[in-house]
Each structure stands twice: as C-alpha cells, then as structure tokens.
Amino acid sequence: MQVSLLDLKAQYATIKDEVLAAVSEVLESQRCIGGPKVAELEEKIAAISDSRFAVGVSSGTDAILSCLMSLDISTGDEVITTPFTFFATVGCIARIGAKPVFVDIEPKTFNINPEFIEPAVTEKTKAIMPVHLFGQMADMDPIMEVANKYNLAVIEDAAQSITSMYKGRKAGSIGTAGCFSFFPSKNLGGIGDGGMIVTNDEQLYNRMKIMRNHGANPKYYHKFVGGNFRLDPIQAAALLVKLPHLDEWSEGRRRNAAYYDKKFAGTFVQTPYVSSECVTIYNQYCVRVPRRDEIVAHLKEKNIGCAIYYPVPIHLQECFSYLGYKEGDLPEAEKAAKEVIALPIYPELTDEMKDYVADAILEVENI
Ligand SMILES: *Cc1c(COP(=O)(O)O)cnc(C)c1O
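Novice: Any details on the environment of Gly-175? Residues and values, ideally.
Specialist: Position of Gly-175 among the secondary structure elements: in the loop between strand S7 (169-170) and strand S8 (177-181). For Gly-175, a relative accessible area of 13% gives the class buried. Along the backbone, Gly-175 and Glu-156 are 19 residues apart, and their C-alpha atoms lie at a distance of 6.2 Å. When sequence neighbours within four positions are dropped, the list of residues in contact with Gly-175 reads Met-140, Met-144, Val-154 and Glu-156.

Novice: Go over the nonpolar core, please, and point to the residues and values.
Specialist: Within the largest apolar cluster, 40 residues are counted, with the highest numbers of intra-cluster contacts made by Leu-41 and Ile-45. Built from parts of two domains, this core gets at least three residues from each of domain 1 (13-243) and domain 2 (245-366). Discounting chain neighbours no more than four positions away, the residues touching Leu-41 are Phe-182, Met-196, Leu-231, Ala-236, Leu-239, Leu-240 and Leu-243. Within the second largest apolar cluster, 29 residues are counted, among which are Leu-68, Val-79, Ile-93 and Phe-229.

Novice: Outline the packing of aromatic side chains, listing residues and values.
Specialist: By the definition in use, this model includes 13 aromatic pairs. Between Tyr-282 and Tyr-285, the aromatic rings sit 5.9 Å apart at their centres with planes inclined by 40°, giving tilted as the arrangement. You can call Tyr-282 buried: its relative accessible area is 7%. Note on Tyr-285: relative accessible area 0%, which makes it buried. It is Lys-108 that lies over the ring of Tyr-273; its NZ or CZ is 4.3 Å from the centre. Across the ring face of Tyr-259, the terminal group of Lys-354 is positioned such that the distance to the ring centre comes to 4.6 Å.

Novice: Quick rundown of helix H1 (residues 8-29)? Include the residues and the values.
Specialist: It helps to recall that an α-helix has 3.6 residues per turn; residues three or four apart then point in one direction. Over its 22 residues, H1 runs only 28 Å from end to end, short of the ideal 32 Å by more than 12%, given 1.5 Å per residue. The largest bend in H1 comes to about 70°, at Ile-15. Along H1, the residues that are buried comprise Gln-11, Ile-15, Val-19, Ala-22, Val-23 and Val-26. Where H1 is buried, its residues touch helix H2 (36-48), helix H8 (233-242) and helix H9 (246-264). Sitting at the amino-terminal end of H1 is Asp-7, which places a side-chain oxygen 3.1 Å from the backbone nitrogen of Lys-9. Positioned one or two residues after H1, Gln-30 has a phi angle of 55°, which is positive.

Novice: Please set out the domain arrangement of the protein residue by residue, giving values where relevant.
Specialist: Assigned domains within the protein: domain 1 (13-243) and domain 2 (245-366). Measuring from the centre of the C-alpha atoms in domain 1 to the corresponding centre in domain 2 gives 24 Å. Opposite the 41 residues of domain 1 that make contact, domain 2 presents 36 residues. Here domain 1 packs against domain 2, burying approximately 3,400 Å² in sum over the two surfaces, 63% of which is carbon and sulfur. Ranking the residues of domain 1 by area buried against domain 2 places Phe-102, Phe-134 and Asn-187 at the top, with a combined share of 21%. Summed over the shared surface of domain 1 and domain 2, the result is one salt bridge. Between Lys-167 and Glu-277 there is a salt bridge, with the nearest N and O atoms lying 3.8 Å from each other. Taken together, the links from domain 1 to domain 2 amount to 23 residue pairs in polar contact (both at pLDDT 80 or more). The set of elements that each furnish at least two residues to the side of domain 1 that touches domain 2 consists of helix H4 (87-95), strand S3 (99-102), strand S6 (165-166) and H8.

Novice: Lay out the sheet that holds S7 with the relevant residues and their values.
Specialist: Strands sit in the order S7-S6-S10 across an open sheet of three strands; the sheet is antiparallel. Both edges of this open sheet fall to S7 and strand S10 (278-279), since each of them pairs with a single strand only. Of the pairings in the sheet, the one linking S6 to S10 comprises two bridges and is antiparallel in character. Considered in S10, the bridge of Met-165 is made with Val-279.

Novice: Quick one: what's the story with the side chain of Asn-187, residue by residue and with numbers?
Specialist: Mapped onto the elements of the fold, Asn-187 is located in the loop between S8 and strand S9 (195-199). Among the polar contacts listed, one links the side chain of Asn-187 to the side chain of Ser-250, at a separation of 3.1 Å. Here Asn-283 takes part through its side chain, which lies 2.9 Å from a polar atom of the side chain of Asn-187. Asn-187 has contacts with Leu-246, Trp-249, Ser-250, Arg-253, Ile-281, Tyr-282 and Asn-283, leaving out every residue within four places of it along the chain.

Rules and cut-offs
- Residues numbered from 1 in each chain as written.
- Predicted model: local features only at pLDDT ≥ 70, side-chain atom pairs only at ≥ 80, totals over all residues.
- Heavy atoms only, no water.
- Helix = DSSP H or I, 4+ residues; strand = E, 2+ residues; numbered from the N terminus.
- Buried < 20%, exposed > 50% of the residue type's maximum accessible area, 1.4 Å probe, protein only.
- Contact = heavy atoms within 4.5 Å.
- Core = buried A, V, L, I, M, F, W, Y, C linked by side-chain atoms within 4.5 Å.
- Domains from an automatic or database assignment.
- Phe/Tyr/Trp six-rings, centres within 6.5 Å; stacked < 30°, edge-to-face > 60°.
- Lys NZ or Arg CZ within 6 Å of the ring centre and 35° of its normal.
- Expected span 1.5 Å × (residues − 1).
- Bend = angle between axes of the 7 residues up to and from the residue.
- Polar contact = N/O pair within 3.5 Å; in protein donor to acceptor, adjacent residues only side chain to side chain.
- Buried area = accessible area lost by both parts, 1.4 Å probe.
- Salt bridge = Lys/Arg side-chain N within 4 Å of Asp/Glu carboxyl O.
- Pairing = 2+ DSSP bridges.

Rendered as structure tokens:
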C-alpha cells in the first residue's frame, strides 16, 4: 500500500466539475484582477471568522507582510513571536526591518507560551504575533492581556487554523488582525497561492485595501509605499467552490485524528494534545516520538508520506544568526524540532490506510 501525506487529487475528484465551471466563468468574463468573486469570498471568510472585514491577498505570507506594513511596523521596532513556526511568520517581520523577538513554546500545544511574553516586552515592542500551529489556537486570553497592558498590536498567524476556535471565538477574530493562507495544503486550499486578512478595525481594513494596490488611492496617487498583494479572482472562484465543504473536511480530519489517538493510546507515540478550550481543525496531525529519524526512514520504506514540521526552529536558522540566538536558548522549541513527525490526516483517508500508517510506526519499537 501507499499512503501519501496529502492527496489533493482525491479531493479534487469530488468537486472537479464545479471548479472548472467557476474558473471558466472568470475566464469568460475576463475580469482577471479583483471583481465579484474576490469580494464574495472576502464577505464569506469574514462571516465564518466572526470578523467585520476581510481583505483578499496574494498569499498567507503577503497577508502577514501587508498587515505589518499597514500597522506601520518598521525599522527598529520589535515583534514578539514563536520560533516554532513556518518561516514566513518571522521572514515577514525581518523583511520590514523589524526585529523578531522569540519566546519559547508550550510543549503540549507547540504554541507560544504566554508566560514568557511580558518579560520580553521592551520600549521597542510594537506587536505580538502568535501562531495557531497545526490547527489549534494559541492561548489568546493571556496574550491579549499583555497586549492591552502595553498597547501592542496582535497579529494572529492563523494560516493553519481557519475556523479553529478558542473559548468559542474564531481564529483571527481576537487580535488586531488575523492572517489566513490558501496554500493548497491548508484546510481551505486554493489552486495556487492565495491568502486573506480579517479584522474588526475599520481603519486598518481601509489601509490594507490600499496597501495591496501599491498604496494607491485613488489610482496613481500613492499615500504610502505598498505592494502588489492582490488575490486572483481565479483563486477566489475555486475557493468559493471549496468553502461550503470546509467544515465537513475539518470534521473528517478530526475523525481521523480520533482514530489514530485510539491506535496510539498507551504506546510510545505521544499524540497531539487538544486543549479543552479549543476546537482544532488538524491542519497537521503531529505526534512526538523517540528515535524520530528511524521512524521517518521506516515510513519511507513502507511508502508512507510524512513530514517534519519543523526541523530547525527559526531562531537557529542561518539567516537569523545576526540576532545572536544559540542552541539551548529556547529549549522546548528545540526539543520539539527533534521529536515531531506529521502523519497523513487528510479527510479522504480510509481506515485501512490509517491502520497501515499507525501499524508501521508501532512496528519500529521492535526493530
Ligand atoms: C502556510 C503558512 C504561512 C504562509 O502562507 P503562504 O500562503 O504559503 O504564503 C505562514 N505561516 C504559517 C504558520 C503557515 O503555515
């Protein structure tokens, strides 16, 4: 048997005709930039995120970048974030000239540990950027408390957590703004790159809409330096077809997770912890295991796809050596980087496939 980490063809087969029709509609209209599809998607994503406003952008990365730019964060400012995330979170902070300040994670959830945030606040701190990793939201209440105390913006990197919940509140709706990605491997994935920012702040919303068009308002009159951060209508069209399925797909992932949880109960495999305050969407199902690299090799042999999210915490990346972090500075993030492994969790997996994956891992104990 072969089980890949993600099988997008399985999902596409169920919606192919609708996607083709929706894309064709855009092509026939030749409204290739902006237009009604983008506006409709923005309205719908704002609604499912319990947010007043949404701005479609070119990727999750550009969502974060244009949000930071719209908040006027720049050279000399500091942004507190987690080292255990996809590179984009931190890359965007650095690209605008600000300094990423890392605090360690909670080992159970892999998310930023709010306890460490306040001690990291300085006069230069402008924002906190929690990441809702693998589909589960960070502990937002204590994060918002620190933010309110020091008047800091909170940008939720919700790229992996659209519709995820914390104490009944949706990802992206608690902070100053929330950033989503429609990268094909996310729960709501486009047919290419795409992203969106949600916010309840009308002023910020208006700024972000101008920011994605080179800061022009009206056209050719530039209020500030923005970029081309626009969402393609072809992406919006495909996403509008997929959106009605999002909850059922996330539910499928939760069902698969429960299946694995049962298979791994009482074994050496440490299954993902889900806080009782959260509803996760399992963008990834990441377990912790000893002898991780042996397991990866064994899974490869058995034609099972898996991935390491993430093998090197961001504070130890070569490009950030100028920040002066060294091994041992953020021990929980470093430990997680050595122990995690993401298993196939996509909704179309059969029980037979899940058994094959779980049994292959459990076999390693006897090798
Ligand atoms: C996917 C992802 C991004 C970037 O999104 P793109 O659409 O690929 O640019 C940012 N942060 C996190 C945590 C992600 O998982």
